[in-house]
Amino acid sequence: MMSFTSDPSLSNQQMSDESFIGLAHYYDLIKDPTYHKALKNTTVYTLGAIGIIIPFSFFLAHLLLACHKLLRPVFSFILIVPGITPPIVLSILFLLFFHGENGILNQFIAAPLIALLKSLNSPWAESLPDYINWQKDPRFIMFALIFQSVWRWTGFITLFFLCSLQAIPKNLEEAIELEGASFFKRLIHLRIPSCSHVILFAIIYLMVDSIAMFAGSYRLLGGSGGTDDAGLLLISYVYQTGFTFQQFNRAAAISMSVVPFLASLIWLLFWRQKKDELQ
Amino acid sequence: MSWKRHKRAKSYLSAMILTCVALVFIYPFIWMFFSSFKTNQEIYQSSQLLPQSKSFIQARQVAIQDDKKVKNRAQSFREKRKIRAQIKELEALQQRSPKPEQAQALRDLEQDLITLDQVAQTPRKNKVPVQEEESFWSIISNLDFQYFDILLKSNSRHLEKLERKIQAETNEQEKARYQAEYDHLAQYQYFDFRKVFTNSLLVALLHCFGAVTLSATAGYVFAKIDFKGKKFFFTLAILVILIPKQSLILPLFEWINFIGLSNSHAGIVLPGALNAIGLLFFTQIWKQVPDDLLDICRLEGASELRTFVHALPLISSALLSFALLDFIMSWNEHLLPLIVLQSPDKQTLPLALSQLMGASLGEPLAVIMAGATFTILPTLTLFALLYRRIKSSLADLHLH
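In this text, all values refer to a predicted model and were calculated from it rather than measured experimentally. Along each chain, the written sequence defines residue order, and numbers are assigned to residues from 1. Each chain gets a letter, beginning with A, and each ligand a number, beginning with 1, in the order they are written. This being a predicted model, a pLDDT of at least 70 is required before a residue's local features are given, and a value of 80 or more before pairs of side-chain atoms are given or counted; all residues contribute to the totals for chains, interfaces and linings.

Draft legend 1. Seen up close, the packing of helix α12 (residues 248-256) of chain A against helix α12 (residues 249-259) of chain B. Lines fitted to the C-alpha atoms define the axes, with helices restricted to the stretch that makes contact. Angles between their N-to-C directions range from 0 to 180 degrees. Only DSSP runs of H or I reaching four residues or more are called helices, and only runs of E reaching two or more are called strands; each is numbered from the N terminus. Where α12(A) contacts α12(B), the two axes come as close as 8 Å, and the packing angle between them is 130°. Relative to α12(B), α12(A) is oriented oblique. Contacts between α12(A) and α12(B) pair A:F248, A:A251, A:A252 and A:S255 from the former with B:I249, B:L250 and B:P251 from the latter. Ten residues, namely Ala, Val, Leu, Ile, Met, Phe, Trp, Tyr, Cys and Pro, are considered nonpolar, four, namely Asp, Glu, Lys and Arg, are considered charged, and the remaining ones, Gly among them, are considered polar. In terms of residue class, the contact of α12(A) with α12(B) is built from 6 nonpolar, 1 polar and no charged. Orientation labels follow simple angle bins: below 35 degrees gives roughly parallel, above 145 gives roughly antiparallel, 65 to 115 gives roughly perpendicular, and whatever is left gives oblique. Two residues form a contact once the distance between their C-beta atoms, set from the backbone, is within 7 Å.

Put into structure tokens, the structure is as follows:
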């Protein structure tokens, strides 16, 4: 309801009351370039995270399945550790890892790599700085955020995949092996279909999580969108509008604007479940 | 035979790859733990994982002063690039208007470049490299927990206690000792760690209790009892609740203010008690419990509530694992406490940690690392203890 009323202006806060203004906030949003930027960033972030996490964790689940029985819990526990850590701790660690000149990532990986590229005179290395400033350089903020998400969620999704891979009936595996199917055939015809509901669940879970992503970017970028708003995600924008600029009703409109999208995602989940039940 | 060997090779190979990946995943945490023993300078500049002893740090300082070129490789690359750029500039100037002092500067720069190159190429023969004398175990056994001490004790409550002790003490020596401790701790005035930790624990436990009770009951109703409009209500419940709290944070904030729960722990616990994932989870779980068992209970003349209570042990594993997951989630929650809790004595751990990080320019980072270690310790321990149960109840579900 809040999103349909106007924001009291700051100068005469006591005087003016909130009044009903209908869809004006939503109309403003359609024209707001910052909102577009936040939407675009959120989309890139979501797609990037899903595109990396799901294949990677499927691969890891296969590795876990192949390795010795006693080692399985150890490895999967280690993989899950970032997942059960508060995002705030993750981003503190990240802050130090991605730290401008002296961060570990820069010292060990990025700087030698960039130096190598420069010595090879590769054309696109010219525009790169000596050190990548992960939090300030608008080209790399998104990468840092996605990396954080991958680090965090891969373990959990791997566990789900492992569960559903182990739940495949033994006789099906043996039958397909007797048929002489190659590894890829087995993958396509048996393993991916049997994991399909986990994949769908993981996609929806990651989407909801990345739309709701806040703590990581809050700590990494200090509640703002970073340089040039390159890391401005939707919830950061809500926080910024609501608590930094004190425009609560407008912020409510922003957060309500993604609700239809999320609702359709959930509908997708149910539709899929119903289809399963019919079969 | 060869099939068996193939299988074993596969298992070794996958174990190796997994070890690498696991190392990448866990390394920051190990680094975090050891960072809580380091000084700021060491954290930022040293690439060593283990904290060094004081003598080693001094020796390294001397070595650095002896040879200015003992810098990391990237640094020298950078200097060379700078010099090259300067040379280019000077040459361009020279072509337009030749000047003697510019020519001199150019020669100097070229000379610098050559020396830099030489240092990078020739191995340092006559210099004795700084040897790390201490072994891994001696470092581990001699860890100095001073920063943990600072984190736990440098708050106003402990300082007041110390002050009282100083006033009551008559022995001069003891008094001086307490005074020294007081002065040391008074440099850093942090949050009251014990209080914040208790807050966090309380909120997480209440949150988890509420969520488990509500979701288990709701799941039972949706799975076992038929009523009109069940499907509609189920869909509605999911629709309303599965939309992330974060995106509804502002209406929620207004609402909490309206009820008057702002700046209280109930303001965090109550919104968290409604949990769509829990509802879905428990509906699935209850569907797997056979109806016959419940019917036996009802035939014996038990009321519906009693039936529910008696059926609870059947899903104990699911209850436990959901409780654990919810505990972890609420322990990690950051946004809701950030907007609901205003007064510092009601803060939860993530909040306090984030404030510490925000305020710590020049403060010892090791204290933050110690705090972070304490933050992840409870959840990690719980998870490690109950890992098998969680895994089995996940596997039981087949679907998520």
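Picking up where we left off.
Draft legend 2. Representation of the nonpolar core. Take the buried Ala, Val, Leu, Ile, Met, Phe, Trp, Tyr and Cys residues, join any whose C-beta atoms are within 7 Å, and the set you get is a nonpolar core. Residues with at least 20 other C-beta atoms within 10 Å of their own are called buried, those with 12 or fewer are called exposed, and the rest are partly exposed. The C-beta atoms themselves are positioned from the backbone. In terms of nonpolar packing, the biggest core is built from 124 residues, with A:V238 and B:L151 touching the most fellow members. By residue number, the principal contributor to this core is helix α6 (residues 141-166) of chain A, which donates 13 residues. Apart from residues lying up to four places away in sequence, B:L151 is in contact with B:Y190, B:F193, B:V367, B:A370 and B:G371.

Draft legend 3. Expanded view of the confidence of the model for chain B. Residues and elements named next belong to chain B. In this model, chain B carries an average pLDDT of 77, and 81% of its residues clear a pLDDT of 70 or more. A score between 0 and 100, pLDDT records how confident the predictor is in each residue. The spread of mean pLDDT over the elements of chain B runs between helix α3 (residues 54-66), the lowest at 62, and helix α10 (residues 193-224), the highest at 89. With pTM at 0.72, the complex prediction returns an ipTM value of 0.74.

Draft legend 4. Quick peek at the environment of A:K31. Locating A:K31 in the fold gives a position in helix α1 (residues 24-31). For the pair A:K31 and A:A144, spaced 113 residues apart in sequence, the C-alpha separation works out to 29 Å.

Draft legend 5. How the structure looks around the packing of α10(B) against helix α14 (residues 276-288) of chain B. Residues and elements named next belong to chain B. At their nearest, the axes of α10 and α14 sit 7 Å apart, and the two run at 50° to each other. Relative to α14, the element α10 is oriented oblique. At the point where α10 passes α14, the crossing takes the right-handed sense. Seen from α10, the contacting residues are A211, S215, A216, A218, G219, Y220, F222, A223 and K224; seen from α14, they are G278, L279, F282, T283, I285, W286 and K287. When grouped by side-chain class, the residues that make up the contact of α10 with α14 number 10 nonpolar, 4 polar and 2 charged. Crossing handedness is defined as follows: a turn of the near helix away from the far one that is anticlockwise and smaller than a right angle gives a left-handed crossing, while the clockwise case is right-handed.

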